[in-house]
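The chain contents come next:
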Amino acid sequence: MTDPTIRAAELLAEHRDSIDRLDAVLIYTLAERFAQTKAVGKLKAEHALPPSDPAREATQIARLETLAQQSGLDPEFAKKFLTFVISEVIRHHEKLQK
């Protein structure tokens, strides 16, 4: 029989390995998202469109809050996270307008 402390350490290592893989997925996903928003920012700059689209942003936040709720993630956390991401996107779009 396995010592409970050893088994706990093994389980902890497995959880941490999963977390590390998920962190990598998050980073690569964010990189792809920002590549897409950069293309959007260039298009907006070329056509003198505003860097921010408050209606779209509100729709996206509401959509992701719903997805968060459905997936068991705190909707308030999802809203804060997406609000931060959107603010970074707008900042990048504003730079492209100059």
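Residues numbered from 1 in each chain as written. Predicted model: local features only at pLDDT ≥ 70, side-chain atom pairs only at ≥ 80, totals over all residues. Heavy atoms only, no water.

Even after reading the chapter, I still don't get the packing of helix 2 (residues 54-71) against helix 3 (residues 75-97), so can you show me in this structure?
Packed helices, taken two at a time, are described by the angle between their axes plus the distance between the axes. Running from N to C, helix 2 and helix 3 cross one another at 145°; their axes reach a closest spacing of 9 Å. Every pair of crossing elements has a handedness; the one defined by helix 2 and helix 3 is right-handed. Contacts from Glu-57, Gln-60, Ile-61, Leu-64, Glu-65, Ala-68 and Gln-69 in helix 2 reach Pro-75, Ala-78, Lys-79, Leu-82, Thr-83, Ile-86 and Ile-90 in helix 3. Along the lines of polarity and charge, the residues of the contact of helix 2 with helix 3 split into 8 nonpolar, 3 polar and 3 charged. (Axes fitted to C-alpha atoms, helices over the stretch in contact; angles between N-to-C directions. Helix = DSSP H or I, 4+ residues; strand = E, 2+ residues; numbered from the N terminus. Left-handed = near helix turned anticlockwise from the far one by under 90°. Contact = heavy atoms within 4.5 Å. Nonpolar A, V, L, I, M, F, W, Y, C, P; charged D, E, K, R; others polar.)

Teacher, can you tell me more about the side chain of Thr-37 here?
For Thr-37, the position within the fold is in helix 1 (residues 4-46). Those residues in contact with Thr-37, other than ones at most four positions away along the chain, are Val-89 and His-93.

It is not clear to me how the side chain of Glu-57 should be interpreted in this structure. Could you clarify?
Along the chain, the position of Glu-57 falls in helix 2. We note that Glu-57 is buried and unpaired, the nearest opposite charge coming from Lys-44 at a distance of 6.0 Å. In terms of polar contacts, Glu-57 uses its side chain to reach the backbone amide nitrogen of Asp-53, at 2.9 Å. Not counting chain neighbours up to four residues away, the residues in contact with Glu-57 comprise Ser-52, Ile-86 and Ile-90. (Buried < 20%, exposed > 50% of the residue type's maximum accessible area, 1.4 Å probe, protein only. Lys, Arg positive; Asp, Glu negative; His and termini not counted. Salt bridge = Lys/Arg side-chain N within 4 Å of Asp/Glu carboxyl O. Polar contact = N/O pair within 3.5 Å; in protein donor to acceptor, adjacent residues only side chain to side chain.)

Help me understand the environment of Leu-64 in this model?
With respect to the helices, strands and loops of the structure, Leu-64 is situated in helix 2. Leu-64 sits in the partly exposed class, given a relative accessible area of 25%. For the pair formed by Leu-64 and Leu-82, sequence separation is 18 residues and the distance between their alpha carbons is 8.0 Å.

What should I look at first to understand the packing of aromatic side chains in this one?
To describe a pair of aromatic rings, you give the distance between the ring centres and the angle between the ring planes. Summed over all chains, the structure comprises 1 aromatic pair. Each ring, one from Phe-77 and one from Phe-81, has its centre 6.3 Å from the other, and the planes form 20°; the classification is stacked. Separated by 4 residues within a single helix, Phe-77 and Phe-81 lie in helix 3, roughly one turn from each other. Owing to a relative accessible area of 45%, Phe-77 belongs among the partly exposed residues under this scheme. Phe-81 gets classed as partly exposed once you look at its relative accessible area, which sits at 39%. (Phe/Tyr/Trp six-rings, centres within 6.5 Å; stacked < 30°, edge-to-face > 60°.)

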